[in-house]
Amino acid sequence: MSDAVIEPVRRSFAVLEALSRRRASTLSVLVDETALPRPTVVRLLHTLAALGYAQRISRQQGYRLTDRVLGLSGSIRFVDHLVDAALPHMSRFTFEHGWPLYLATLSYGAITIRHSTAPESPMSFEGAGLNTRRSVLQSALGRAWLAFCPADERRSILRDIGGLTARQEAALRTALEHVRRAGHAFTAPPRPMRIHGMAVPIRNGERMLGSLSMRFPRSAMTEKEVAQRFGRRLAALSRAIANDAGDRRTL
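Predicted, not measured: the structure shown is a model, and the values here were computed from it.

### Re the overall build of the protein
Okay, step 1: Of the regular secondary structure elements, the protein holds 8 helices and 8 strands.
Okay, step 2: Overall, the C-alpha framework of the protein stretches about 70 × 45 × 35 Å when taken along its three principal axes.
Okay, step 3: Counting all 251 residues of the protein, 42% fall into the buried class.
Okay, step 4: Intrachain contacts of the protein at a sequence separation of at least 6 include 54% that bridge at least 24 residues.
Okay, step 5: Side chains of the protein carry 37 positive and 21 negative charges; the gap between the two charge centres is 1 Å.

Structure (structure tokens):
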């Protein structure tokens, strides 16, 4: 096991995960499923109960999770909410123009794909890639996020991925300034790739909600042609998604 794993934390999550599999779990079931010593499971259950995340029902039924655990999934619920707001807009775009769109959010220093219209696109050369993680420095989705997020968030992201040399920081700063002027970002791979993306930010004021990209083969269009034909359309699409996401949050 990795040295980075703190054993008491791992054991706590093992008990939480076991509790989440059914409405109620007896102590014997939890011991069997976690493979932890019985005294350890008892101590962890008492701790979770004291913190308000678990509750003892009875000797026969055992323990259950409380609704306090729902607070731990706030960011996940927001992702679902954003996808719900974006889905009809993205499907309409792909139906009208043919090209596949990808919606992503930032997760632990990487861009994560949350929804894609690739299965709906007659011009898609890739799968949907749901929950796959992409580089914030190389992907169009990540570069759009870095360019338009607040400066303190950008510094935090770069720290999370291990930081950059002074030369790399200067090059990235110049690249992101260009992205902000253009309003969109393109894929910047370390080696030539057949499929590229153009991405725009989805924002609520200064806050980044997500990023949206259109994927296309380089043989079909140049970056300049893609920007001229679809730059404003994607920007309008991102604004519509942000507006709907905001409206849904107030329901």
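### Some points on the pairing of strand S8 (residues 207-217)
Residues in a regular strand project their side chains so that they alternate between the two faces of the sheet.
Okay, step 1: Across the 11 residues of S8, 10 count as buried, placing the element largely inside the fold.
Okay, step 2: Bridge count for strand S7 (residues 195-204) against S8 is 10 bridges, and the pairing is antiparallel. Bridge pairing links His 196 to Phe 216 in S8.
Okay, step 3: Here S7 folds back onto S8, and the loop between the two strands holds 2 residues, one of which, Gly 205, carries a positive phi near 65 degrees.

### Here's the deal with unusual backbone geometry
Okay, step 1: Of note in the backbone geometry, Ala 35 takes a positive phi value of approximately 60 degrees without being a glycine.
Okay, step 2: With respect to the helices and strands, the residue Ala 35 is situated in the loop between helix H2 (27-34) and helix H3 (38-51).
Okay, step 3: Residue Asn 131 is not a glycine yet carries a positive backbone phi of 70 degrees.
Okay, step 4: Its place among the elements puts Asn 131 in the loop between strand S4 (110-116) and strand S5 (133-134).
Okay, step 5: The class for Asn 131 is exposed, based on a relative accessible area of 55%.

### Digging into the packing of H2 against H3
Okay, step 1: Between H2 and H3, whose axes approach to 10 Å, the crossing angle comes to 115 degrees. Classified by the angle between their axes, H2 and H3 sit roughly perpendicular to one another. Where H2 crosses over H3, the two elements pack in a sense that is right-handed. Where H2 abuts H3, its residues Leu 27, Ser 28, Leu 30, Val 31 and Thr 34 lie against Arg 38, Val 41, Val 42 and Leu 45.
Okay, step 2: Tallied by class, residues from the contact of H2 with H3 come to 6 nonpolar, 2 polar and 1 charged.

### A closer look at the sheet that holds S7
What holds strands together in a sheet is hydrogen bonding between their backbones, with the strands either parallel or antiparallel.
Okay, step 1: With antiparallel pairing, 6 strands are arranged side by side in an open sheet as S5-S4-S3-S8-S7-S6. Where the open sheet ends on each side, the last strands, each with one partner, are S5 and strand S6 (185-186).

### Notes on the packing of helix H5 (residues 140-148) against helix H7 (residues 166-182)
Okay, step 1: Their axes nearest at 9 Å, the elements H5 and H7 cross at an angle of 85 degrees. Compared by their axis directions, H5 and H7 come out roughly perpendicular. The segment H5 lies against H7, with Arg 143, Leu 146, Ala 147 and Phe 148 engaging Ala 175, Leu 176, Val 179 and Arg 180.
Okay, step 2: Among the residues making up the contact of H5 with H7, the classes are represented as 6 nonpolar, no polar and 2 charged.

### Some words on the packing of aromatic side chains
Okay, step 1: Summed over all chains, the structure comprises 2 aromatic pairs.
Okay, step 2: Between Phe 186 and Phe 216 the ring centres are 6.5 Å apart and the planes differ by 85 degrees, which places this aromatic pair in the edge-to-face class. Taken together, the residues span a long stretch of sequence, with Phe 186 in strand S6 and Phe 216 in strand S8 at a distance of 30 residues. Considered together, Phe 186 and Phe 216 belong to a single accessibility category, that of buried residues.

### Considerations on the nonpolar core
Okay, step 1: Counting 28 residues, the largest nonpolar core has Leu 101, Met 198, Leu 212, Met 214, Phe 216, Leu 234 and Ile 241 as the members making the most contacts within it.
Okay, step 2: When near neighbours in sequence (up to four residues on either side) are disregarded, Leu 101 contacts Met 90, Phe 93, Thr 94, His 115, Ser 116, Thr 117, Ala 118, Leu 212, Ser 213, Met 214, Leu 234 and Leu 237.
Okay, step 3: Grouped together as the second largest cluster of nonpolar side chains are 22 residues, Ile 111, Val 136, Leu 172 and Leu 176 included.

### As for the side chain of Ser 58
Okay, step 1: The topology assignment puts Ser 58 in strand S1 (residues 54-58).
Okay, step 2: A polar contact is formed between the side chain of Ser 58 and the backbone nitrogen of Gln 61, at a distance of 3.1 Å.

### Focus: H7
Okay, step 1: Taking 1.5 Å of rise per residue, the 17 residues of H7 would be expected to cover 24 Å, and the 25 Å separating its terminal C-alpha atoms lies within 8% of that figure.
Okay, step 2: The set of residues buried in H7 consists of Leu 172, Leu 176 and Val 179. All buried residues of H7 fall inside an arc of 50 degrees around its axis, so they share one side. Away from its buried face, by an angle of more than 90 degrees, H7 presents the exposed residues Ala 166, Arg 167, Thr 174 and Arg 181.
Okay, step 3: Looking at the buried positions of H7, the neighbouring elements they touch are H5, helix H6 (151-160) and S6.
Okay, step 4: Looking one or two residues beyond H7, the residue adopting positive phi is Gly 183, at roughly 90 degrees.

Criteria and thresholds
Residues numbered from 1 in each chain as written. Predicted model: local features only at pLDDT ≥ 70, side-chain atom pairs only at ≥ 80, totals over all residues. Heavy atoms only, no water. Helix = DSSP H or I, 4+ residues; strand = E, 2+ residues; numbered from the N terminus. Buried < 20%, exposed > 50% of the residue type's maximum accessible area, 1.4 Å probe, protein only. Contact = heavy atoms within 4.5 Å. Lys, Arg positive; Asp, Glu negative; His and termini not counted. Charge placed at Lys NZ, Arg CZ, Asp CG, Glu CD. Pairing = 2+ DSSP bridges. Axes fitted to C-alpha atoms, helices over the stretch in contact; angles between N-to-C directions. Parallel < 35°, antiparallel > 145°, perpendicular 65-115°, else oblique. Left-handed = near helix turned anticlockwise from the far one by under 90°. Nonpolar A, V, L, I, M, F, W, Y, C, P; charged D, E, K, R; others polar. Phe/Tyr/Trp six-rings, centres within 6.5 Å; stacked < 30°, edge-to-face > 60°. Core = buried A, V, L, I, M, F, W, Y, C linked by side-chain atoms within 4.5 Å. Polar contact = N/O pair within 3.5 Å; in protein donor to acceptor, adjacent residues only side chain to side chain. Expected span 1.5 Å × (residues − 1). Arc of directions from axis to C-beta.

Purely geometric numbers; function is a separate question.
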